[in-house]
Structure formats: structure tokens, C-alpha cells
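Spelled out, the chains give:
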Amino acid sequence: SSVAAADSVAVIGLGRFGRALALELMANGTEVLGIDMDESIVQELNGQLTHVVSADSTREEVLQQLAVPEFDRVVVAIGSDIQASILTTSLLLRFNVAHVWAKAVSDAHGTILEQLGVSHVIYPEKEMGRRVAHLVRGSMQDYLEIGDGFSLVTMAPPAGIVGKALCESRVRSTAGVTITAVRPHNGTWTHTDENTVIAADDTILVSGSTAKAEAFSLRR
Ligand code: ADP
């Protein structure tokens, strides 16, 4: 019987990364088939994922039995065993799985995965390190780089814009960033307009180049 429902994802390797990913998918209503060689991990996650199976993902017949070729999204979250990561990934590509996501633990590992033809190579530690660097340097609460140096950032408002309407503080022309939305203390997010007045305990959502958003968060 097939477990590959339309909105389901297979996650292979349920270490720290794979497990967090699988549980987050579940929390948001996606069905997850989890696969790990380690029986104790499978027991631990039993009941928390739609299906959890103890199996060696480098064996083609095992993946066939688990209907993995029928999934259109599969994440390979095996890291430390690079050989297992590569063997598993190449089987998935041979099955023509449409969207393969694979975790890389080093640049060399990532390069091999890219050469194999993996469309989404993820570097969790490298990406998290880069992300945290921006949080450490700036005074941002959260930060998401969209690409090409453009970011969405949440932060406390710099003192200079507090108590003023956005048309008055002219943030876009003076700081080169846009305050897109605002959330009052204990309130919910709403879009801003030129008459929005920023309060000291608001959280603001800023969009702009990463460098300008960072500089804006440091402005006092
Ligand atoms: P993390 O850093 O996210 O904890 P690891 O690389 O340490 O990632 O963990 C990867 C997981 O993948 C482990 O739980 C391991 O048992 C599992 N794993 C490794 N090789 C295979 C394989 N061939 N088949 C299935 N699971 C595997």
C-alpha cells in the first residue's frame, strides 16, 4: 500500500536536523514518512510522524518497498555518513523524484550533491552561522535574506522615528528601507501606510538591502 499522499514528504535520516524538519512539517499539517536506520530513533518518533520506519535508505529495494519513488518531495537529512547520503540521493534521482532536498555537511559534500543534480542542497550550519552573524552585528530580532542581498527584518523601532507618522520620518528616503508592517505590543501585524504612527514598544517589519536594514536597526 502506498503512503505517498498528495501533500506528503519523505524525510530520510532523523538526526537533529531531519527530526526538527519532520516535526515542523507535521505541526503544519503535512504528512511525513520518516526513515532512519537507527531503531531507537524510530521508536522515539513513533506516533509523532505519520509513518516512521527503520530501514537502510542506500538499498534500492528498501526504498521501493516504502514507495519512496512515488513521493514528489524527499529530504535526505543524512549528514555525517557522506557515502550513505550520496548513495541515497543518487537512488532518488534515478527514481526521478521531482524535488530532492539534501543536507550537506561540507562544501565538498555539497558540490558532489549539486553535481549529481540535486535541485536543493542545504547547508544548515553554514546558513545558520551566516544568519546569526547578522543578528549579532545588527540589532534585529529576526532576519530573512530573500536573495541578492535583500532582506526582511523585524526589529524595535529606532528612537528617531517613534511618535511620528511614517510620512514625517521619511524612512525610505533617509535610511533606504521600507517599514512594511507594524505590530503593537501584544497586538497583531498590520500593514503600514503613510499615516501610521510608530510607538516605542512596537515591533516593525523592515524590507530593504541587508546592509541598510542592519544599519537602520543600529540607528538610535
Ligand atoms: P544531524 O547532524 O542532523 O544529527 P546526522 O548526520 O548525525 O545528522 O544524522 C543522520 C541520521 O541519518 C542518523 O540518525 C542516522 O541513523 C541516519 N542514517 C545514516 N545513514 C542512514 C542510512 N543509510 N539509512 C537510513 N538512515 C541513515
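The model shown is predicted, which means the values in this text are computed figures rather than measured ones.

Asks: Any chance you could explain the overall build of the protein chain here in plain terms?
Replies: The helix and strand inventory of the protein chain stands at nine helices and eleven strands. Its C-alpha atoms give the protein chain a radius of gyration of 22 Å, more than 25% over the compact-globule value 17 Å for 220 residues. Principal-axis analysis of the C-alpha atoms gives the protein chain an extent of 65 × 35 × 30 Å. Buried positions account for 30% of the 220 residues belonging to the protein chain.

Asks: How should I be thinking about the site of the ligand in this particular structure?
Replies: By nearness alone, 21 residues border the ligand, and Gly13, Gly15, Arg16, Phe17 and Gly79 come closest of all. At the level of secondary structure, the elements contributing two or more residues to the shell around the ligand comprise helix 1 (16-27) and strand 2 (31-36). The element best represented in the shell around the ligand is helix 1, accounting for three residues. In terms of residue class, the shell around the ligand is made up of nine nonpolar, seven polar and five charged.

Asks: Can you help me understand the sheet that holds strand 11 (residues 203-209) in this one?
Replies: Backbone hydrogen bonds are what pair the strands of a sheet, in a parallel or an antiparallel way. The antiparallel open sheet is built from five strands, whose spatial order is 7-8-11-9-10. Looking at the sheet topology across the chains shown, the edges are occupied by strand 7 (140-147) and strand 10 (190-191). Here six bridges tie strand 8 (residues 150-155) to strand 11, and the two strands are oriented antiparallel to one another. Looking at the pairing, Met155 lines up with Ile204 of strand 11. Across the sheet, helix 9 (residues 210-218) touches strand 7, strand 8 and strand 11, and the angle it forms with strand 11 is around 145°.

Asks: I'm lost on the packing of helix 4 (residues 82-94) against helix 5 (residues 107-116) in this one. Help?
Replies: The relative placement of two packed helices is expressed as an angle between their axes plus a distance between the axes. In contact at an axis separation of 10 Å, helix 4 and helix 5 are set at 15° when each is read in the N-to-C sense. By the angle between their directions, the pair helix 4 and helix 5 is classed as roughly parallel. Crossing geometry of helix 4 relative to helix 5 is assigned as right-handed. Within the contact between the two elements, helix 4 uses Ile82, Ile86, Thr89, Ser90 and Leu93 and helix 5 uses His109, Ile112, Leu113 and Leu116. Tallied by class, the residues present in the contact of helix 4 with helix 5 amount to six nonpolar, three polar and no charged.

Asks: Help me understand the UniProt feature "domain: RCK C-terminal" (unreviewed entry) in the protein chain in this model?
Replies: Mapped onto this structure's residue numbering, the UniProt feature "domain: RCK C-terminal" (unreviewed entry) falls at residues 138-220. Helix makes up 22% of residues 138-220 and strand 35%. Its end C-alpha atoms lie 12 Å apart.

Asks: Would you explain the sheet that holds strand 4 (residues 73-76) in this entry?
Replies: Strands sit in the order 3-2-1-4-5-6 across an open sheet of six strands; the sheet is parallel. Both edges of this open sheet fall to strand 3 (51-54) and strand 6 (120-122), since each of them pairs with a single strand only. The average undirected angle you get between the axes of adjacent strands in this sheet is 15°. Both strand 2 and strand 3 contribute to a ladder of four bridges, which runs parallel.

Asks: Even after reading the chapter, I still don't get the nonpolar core, so can you show me in this structure?
Replies: What tends to happen in soluble globular proteins is that the nonpolar side chains get buried as a cluster. Grouped together as the largest cluster of nonpolar side chains are 30 residues, with contacts concentrated most on Ala10, Val11, Ile12, Val74, Val75 and Val76. Taken together, the elements giving at least two residues each to this core come down to strand 1 (8-12), helix 1, strand 2, strand 4, helix 4 and strand 5 (99-103). The leading source of residues in this core is strand 1, at four residues. Excluding its chain neighbours within four sequence positions, the residues that come into contact with Val75 are Val9, Val11, Ile12, Gly18, Leu21 and Trp101. Counting 16 residues, the second-largest nonpolar core is a separate cluster that includes Met155, Ala175, Ile179 and Val182.

Cut-offs and rules
- Residues numbered from 1 in each chain as written.
- Predicted model: local features only at pLDDT ≥ 70, side-chain atom pairs only at ≥ 80, totals over all residues.
- Helix = DSSP H or I, 4+ residues; strand = E, 2+ residues; numbered from the N terminus.
- Rg over C-alpha atoms; globule rule 2.2 N^0.38 Å.
- Buried ≥ 20, exposed ≤ 12 C-beta atoms within 10 Å, placed from the backbone.
- Near = placed C-beta within 6 Å.
- Nonpolar A, V, L, I, M, F, W, Y, C, P; charged D, E, K, R; others polar.
- Pairing = 2+ DSSP bridges.
- Contact = placed C-beta atoms within 7 Å.
- Axes fitted to C-alpha atoms, helices over the stretch in contact; angles between N-to-C directions.
- Parallel < 35°, antiparallel > 145°, perpendicular 65-115°, else oblique.
- Left-handed = near helix turned anticlockwise from the far one by under 90°.
- UniProt positions renumbered as here; feature names shortened; annotations may be inferred.
- Core = buried A, V, L, I, M, F, W, Y, C linked by C-beta atoms within 7 Å.

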